[in-house]
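Architecture and fold: a report
What follows is each chain in one-letter form.
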Amino acid sequence: MSIFQYVVLKINGEDRPVMIRSADTLLEVLRNELGLTGSKPGCLNGDCGACTVIVDGKPMKSCLMLGVEGTGKEITTIEGLQGTAIQQAFVEYFAFQCGYCTPGYIMNCQSLIENEPKATDEKISEWLKSNICRCTGYEEIETAIKSVLRESNSKDRPISRESEMD
Amino acid sequence: MIPFEFEYIKPNTLEEAVTLYERLDSEGKEPVYISGGTEIITLGRLNVLYTGAVIDLKSIPECHVMTRENDRLVLGGCCPLTEVENANPFPLLTSASKEVADHTARTKITLGGNICANIFYREAVLPFLLAESTVTIMGPDGKKTLPINDLFDQTLQLNKGEFLVHITTDISSTKAPFFHMKRRKQWTTGYPLITVSGMKKDGDIRIAISGLCPFPFRSERIESCINDRFNSVEERVSSALQQLPGPILNDTEGSDQFRIFTLKNILSDLVKTLEGVDH
Amino acid sequence: MTNIGKSVIRKEALDKVTGRAKYTADFPSGEMLHGKSVISHYGHGTIKSIDVMEAKKEPGVRAIITGKQYPLTGEEIRDRPPIAFEKIRFHGEVVALVVADTPAIAKRAASLINVVVDPLPVVNSPSEGVSKDAPLVHDNVAEYEREEGVHPVPKTNIANHTKIRKGDMASGWAKSEIVIEENFSFPPSDHIPMETRSATAEIRPDGKVLITTSSQAPFMVKELLSQYFDLEVGKIIVKTPLVGGGYGGKASVQQEILAYLGSLAVEGRTVRMINEREEDMITSPCHMGLDAKVKLGCTADGYLQATELTYLVDSGAYSDKAIHLSRACAVDCTGPYFIENIWCDSYAVYTNHPYPAPYRGFSHAEVHFVFERAMDILARKLNMDPLELRYKNAIKPGHTTPTQVKLNRSTVGDVPMCIEKVKQLSRWEEGQLIELNERTVRAKGLACVWKNSTIPPESSSGAIITFNEDGTMNLMSGVVEIGTATKTVLAQILAERFRMSVNDIYVKMTVDTQSTPEHWKTVASRGTLMGGRAVLAAAEDAIRQIKEVASCVMKVRTDDLEIGNRRVFLREDPKEGLDFRDVVYGYTFPEGNAIGGQIIGRGNYILRNITYLDPETGAGNPGPEWAVGAQVVEVEFDRRDYTYKIIKAISVLDVGRVLNYKGALGQVTGAMSMGLGFGGRESFVIDDKARVLNPQLRTYRPVHFGEHPEYIVEFIETPHIDSPFGARGVGEQGLLGMPAALGNSLSLAAGVELHHLPLLPESIWRKKEGLNT
Ligand SMILES: Cc1cc2nc3c(=O)[nH]c(=O)nc-3n(C[C@H](O)[C@H](O)[C@H](O)COP(=O)(O)OP(=O)(O)OC[C@H]3O[C@@H](n4cnc5c(N)ncnc54)[C@H](O)[C@@H]3O)c2cc1C
Ligand code: FES
Ligand code: FES
């Protein structure tokens, strides 16, 4: 119980011990304490998605989470994502220009692919609206995510994600 | 970057949370409870909100329930909005929730945080006001359960050291026909210009509104105008518009006049949608 | 040709999708100190006192800078104290700067500084600024030091006046059988690059100033810092890594000055400044607002005869780039039409608003909104199809522009062809307005666009190429990689000239003013023309050297040699030749003698025949060529609720030559998206005390995923002879007609003429209901 805390964060499969301010957001911890600068600050207010990482399988704006809240969770940042289909699709379909929104966008897309492999257009829109890309007109991002979803669906993976209740 | 420092504590029981609160308060730390914790970050960053100690309720099991007990649905205050949406136990709540913020932010924003928020839209409270749910509160005097409509007046009226544990709703209400419409300043992103939730229960229409005033509300006077079936829909809507509380918002999202214009159209859609259906 | 037109993947692509790409704020902070500005909460006022006592007590605070008088700054008029002194002139202005050990301490201390201000009446629009009894934002603008060619009006809020006087207005109006007069306006808004500005500064004991900044104009940072603070220009070294979007906003020099002053206050230690989003929107330069008046006349059969235009550019509190922006409004003051008689007065007017930077399109989207809306209103009065009106008046080779430049096939793209193509793509013939049901209509709006640049005549670009031992090449250019993939396009140009694979060309991404040849600024869609010509010149230089060595070795004339695939060879018998690897670091004869040496290609380019505008008539050649286009926006509009969806956005642009197809497409759709945001939603909401109420992405919302329409883009290729492979600019054109086309479609859909941006459901409703706007 202090304004500073020693925590061990599990990031990209590695345990990372670190001393942090309780008031530091996960984004600040990643960038300033751990040198993981792939996650970008864009607003520090939850509005732009540039800082998106995956926490316990779900997309998370790392500026909306305290670093101390990250203990005991599996955190994946863009640095932990290598050679995925979505990264390839972003390159192939020119889904970025300045590249600043890209790590956050890719993390959100990756999480969507993992959680909702059968995502409808409506679902894709609901998820991807969480990020702002100021360079593209979004069409390229749409093409990229759909190409990956189509690909993974054609592999005919058995998927069922019924609601937990009812 | 939050400019000030605070302690962060994560109690595991209801009692522990209250004890911590009292102690930190007596130390002058101005403690706050958090569930999602997004407001302490975003408002703290702007020096709108200050605290010397944060009590995170997320590890308390009672705050994280999502269960059906007999004919009641119990939802913990610390449930992230996306979890509630995915489980979909209360379709009107799902509809309301899906319009709050954005999907990624809603993996962090919680039911309790939204209802107790400083940011005054508190859109997730609308369905509970209509369903006449009950809220369970924990505080220095122990646990108590009260009808939400008694406790919610613009905000959830909590005494010092109290916090929301969970909300209980009759299954019958979760299945009632409903209407939900969020209209924004422009297109599909952002705070409400006007959000209206409607529900048909026991033959009558219930209505709750956010974005019209600097607080969400449900109004009996509006409902009685709307349920006055002797008049035409237009007449009922225009008499309901005479019963609005004040002040009407006039801000960056839109003017008071345009909000009322928009509300008028939404209310008539609501009546037309719900009038036709039977429970 | 092998590379040109192909969708070559940008050189830094893999870095960008793996989080390895580094932007200014990504470099480790190490021993750095952190700067934080205290900003004004008033639009206008006198500073009574600044209390820093509490802030000073914070442990870790190293310096607090206030009130001291630093030299005035500003690009064309030196009217801006880098930190407000005595007076506050806009909401967001820096009034103090804290330097501390950590960002948190700096921010905490900044929030403890108490600034007492005596509010003054505000100037809340450029129209107010020119009204008779307007408060003066600056006591006497004429007393400030200024550059040549700036025309302020003493003791007014007018920082600059540009005149266009073409033809004979009296005869033009006499021939005009139909005349309209309309007023248009929009408030300031912002660029919203996803990377907020950041800069670090360090001053070495020997006086060297090291700056790293997210800028579109690192060479300007160097030049201006030297001028402002009387520093030896060679001692200033500015570095710019990848930039996370600029759109013009990062072409202004502002935050670098603060970082420099911060470092100066702490014995030259490194100081980092990172804008929070709020500061990036209001403290750093924004996108201009505009008030405009148009009078436009034509004959009964729709031939334009005369136009009289007044543009009042919202210069905000300081003139900086607003002078230039207002000049650009005058240069292309109409749409792409031939009009014999033009009278335009364009003013930069001080207000108590945040001050503007360039914005993608440099005044053109703004002017086009005004002029292209006027064209539709005129068409309606004429009872003529607005497409036909535009087609009839389209500017062509042989015609003269507002600044009296006579056009030829190279200097202007093909406007009629763009109109024909967009007509077809938009299915214009099916009707502009289609009723879907009793509430919903679909409506199409058209706008034609053109743009030249107005960059200074002396602007130049340079390039250097070096070789690696295996014969591959390294390319260095001062063009900043802001997302436009210009560096990749330059590599394509180089590869094309050397007839080799673009994969064998390595591109230096970071610009370093000490080792990268200068490129004036990465703006105005001129990277490809200027940077490209410099690269081609460097290529020629290197080829000449390679051939000289080879001719000596092979005992043939240089003009019998060709190059390709990293070889130099005999044209007649390509098997006879040398690999680059044996030449580019000198050739060694079997017996040991060596000739040649390391080959370094150097090249430069300077725009030719650019002239200053005549101060009385505006006559002059502003830039190398006009890129043109025609655009359509289609909306679905709800007549009861006043809500609408943008269904389709179509652009037909004459880009001269497509160099990288998908790259160009992305530039265009991205620009269209930005233009639709500007037209449909984005603006600062400013209260009656000139405070910006929405400096956050929560309340100022650019277009999000799902709000985007279907995009249709087609390119026309009318070559610009001076440019590599004929390419014209492509980075800005997509934006230019979007606000106008949106306004035209909505005016038709709602059945009421719309004159103000942004085009919100509420503003359409107010206009329809006759309420004040
Ligand atoms: C990007 C973004 C967009 C948004 N858009 C919308 C929107 O469209 N509509 C809308 O309605 N809101 C919106 N909000 C506001 C958001 O819903 C509220 O800020 C909400 O408070 C966040 O929930 P949280 O769980 O993070 O709350 P927290 O930060 O945990 O808490 C918020 C407040 O509630 C108190 N509190 C939290 N839990 C409890 C509890 N169990 N008992 C008592 N008090 C408690 C806290 O002390 C604090 O004062 C948006 C927020 C963000 C970040
Ligand atoms: S920085 Fe986290 S959402 Fe913008
Ligand atoms: S690529 Fe620049 S913001 Fe998305």
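Conventions used here
- Residues numbered from 1 in each chain as written.
- Chains lettered and ligands numbered in written order.
- Predicted model: local features only at pLDDT ≥ 70, side-chain atom pairs only at ≥ 80, totals over all residues.
- Heavy atoms only, no water.
- Helix = DSSP H or I, 4+ residues; strand = E, 2+ residues; numbered from the N terminus.
- Expected span 1.5 Å × (residues − 1).
- Buried < 20%, exposed > 50% of the residue type's maximum accessible area, 1.4 Å probe, protein only.
- Arc of directions from axis to C-beta.
- Contact = heavy atoms within 4.5 Å.
- Domains from an automatic or database assignment.
- Buried area = accessible area lost by both parts, 1.4 Å probe.
- Salt bridge = Lys/Arg side-chain N within 4 Å of Asp/Glu carboxyl O.
- Polar contact = N/O pair within 3.5 Å; in protein donor to acceptor, adjacent residues only side chain to side chain.
- Nonpolar A, V, L, I, M, F, W, Y, C, P; charged D, E, K, R; others polar.
- Pairing = 2+ DSSP bridges.
- Axes fitted to C-alpha atoms, helices over the stretch in contact; angles between N-to-C directions.
- UniProt positions renumbered as here; feature names shortened; annotations may be inferred.
- Core = buried A, V, L, I, M, F, W, Y, C linked by side-chain atoms within 4.5 Å.
- Near = heavy atom within 4 Å.
- Areas by Shrake-Rupley, 256 points an atom, 1.4 Å probe, with all protein chains shown as cover.
- Patch = residues over 30% accessible without salt bridge, like charges linked within 9 Å, V, L, I, M, F, W, Y side chains within 5 Å.

You'll find chain B entered in an unreviewed UniProt entry as FAD binding domain-containing protein, with Evansella tamaricis given as the organism.

This part covers helix α1 (residues 14-26) of chain B. Residue and element names in this part refer to chain B. Here α1 spans 19 Å end to end across 13 residues, near enough to the 18 Å set by a 1.5 Å rise per residue. Buried residues of α1: Leu-14, Ala-17, Val-18, Leu-20, Tyr-21 and Leu-24, and no others. Here the buried residues of α1 occupy an arc of 160° about the axis, which is enough to place them on one side. Buried residues in α1 make contact with β1 (7-9), β2 (32-34), β3 (53-56), β6 (134-139), β7 (142-147) and β10 (163-170). At the exit of α1 stands Gly-28, carrying a positive phi of roughly 75°.

Residue and element names in this part refer to chain A. Split by domain assignment, chain A resolves into domain 1 (4-78) and domain 2 (85-155). Each of domain 1 and domain 2 has a C-alpha centre, and the two are 22 Å apart. Between domain 1 and domain 2, the contact holds 17 residues from the first and 14 residues from the second. The junction of domain 1 with domain 2 conceals about 1,200 Å² of combined surface from both sides, 62% of it contributed by carbon and sulfur atoms. Contact with domain 2 buries area across many residues of domain 1, yet Thr-52, Ile-54 and Ile-78 alone supply 37% of it, more than any other trio. On inspection of domain 1 and its partner domain 2, the count reaches zero salt bridges. Across the domain 1-domain 2 interface, the total number found is six residue pairs in polar contact (both at pLDDT 80 or more). Contributions of two or more residues to the side of domain 1 that touches domain 2 are made by β3 (52-55) and β4 (58-61). Looking at the side of domain 1 that touches domain 2 residue by residue, the classes come out as seven nonpolar, six polar and four charged.

Quick look at the sheet that holds strand β2 (residues 14-21) of chain A now. All names here are of chain A. In spatial order, the strands read β2-β1-β5-β3-β4; together these five strands make up an open sheet with mixed pairing. With one partner strand each, in any of the chains shown, β2 and β4 form the two edges of the open sheet. Between one strand axis and the next, the sheet turns by 45° as a mean value, whatever way the strands run. Direction of pairing for β3 relative to strand β5 (residues 74-76): antiparallel, over a ladder of two bridges. The partner of Val-55 across the bridge, within β5, is Ile-75.

Further remarks concern the UniProt feature "domain: FAD-binding PCMH-type" (unreviewed entry) in chain B. According to UniProt, the "domain: FAD-binding PCMH-type" (unreviewed entry) feature falls on residues 1-174 of chain B. Helix and strand shares over residues 1-174 of chain B are 34% and 25% respectively, and the end C-alpha atoms of the span are 40 Å apart.

At the junction of the two partners, chain C supplies 34 residues and chain B supplies 28 residues. Of the roughly 2,800 Å² buried where chain C meets chain B, counting both sides, 53% is carbon and sulfur surface. We note a salt bridge from Arg-701 of chain C to Glu-253 of chain B, for which the minimum N-O separation is 2.7 Å. Summed over the shared surface of chain C and chain B, the number is 22 residue pairs in polar contact (both at pLDDT 80 or more). Of all the elements in the fold, those that place two or more residues in the side of chain C that touches chain B are α3 (103-112), β29 (644-654), α15 (661-680) and α18 (761-769) of chain C.

This part covers the nonpolar core. Formed by 258 residues in total, the largest nonpolar core has its most connected members in Phe-90, Tyr-105 and Leu-128 of chain A together with Tyr-311, Phe-498 and Tyr-644 of chain C. Looking at which element gives the most residues to this core, the answer is helix α14 (residues 527-554) of chain C, with 14 residues. By size, the runner-up hydrophobic cluster in this structure holds 39 residues, among which are Ala-87, Leu-130, Leu-164 and Met-199 of chain B.

Time to look at the site of ligand 1. Around ligand 1 there are 30 residues in total, and Tyr-33, Ser-35, Glu-39, Thr-110 and Glu-123 of chain B lie nearest to it. Near ligand 1, the surrounding residues are drawn from chains A, B and C. Within the contact set of ligand 1, an oxygen atom lies 2.7 Å away from a backbone nitrogen or oxygen of Gly-113 of chain B. Considered on its own, ligand 1 offers 960 Å² of accessible surface; in the complex 94% of this is hidden by protein. Elements represented by at least two residues in the shell around ligand 1 include exactly β2, α2 (38-45), α6 (111-115) and β10 of chain B.

What follows deals with the side chain of His-755 of chain C. Residues and elements named next belong to chain C. Here His-755 lies in the loop between α17 (738-750) and α18. Taking relative accessible area as the criterion, His-755 reaches 10% and is therefore assigned buried. At a separation of 3.0 Å, a polar atom in the side chain of His-755 contacts the side chain of Lys-767. Those residues in contact with His-755 that lie beyond four places of it in its chain are Glu-182, Asn-183, Phe-184, Ser-185, Phe-369, Ile-377 and Lys-767.

Before going further, it helps to examine a nonpolar patch on the surface. Residues and elements named next belong to chain A. Taken together, the side chains of Ile-3, Phe-4, Tyr-6, Val-8 and Met-19 present a nonpolar region at the surface, about 490 Å² in accessible area. Per element, the largest residue contribution to the nonpolar patch is three residues, and it comes from strand β1 (residues 4-11). Secondary-structure assignment places Met-19 in strand β2.

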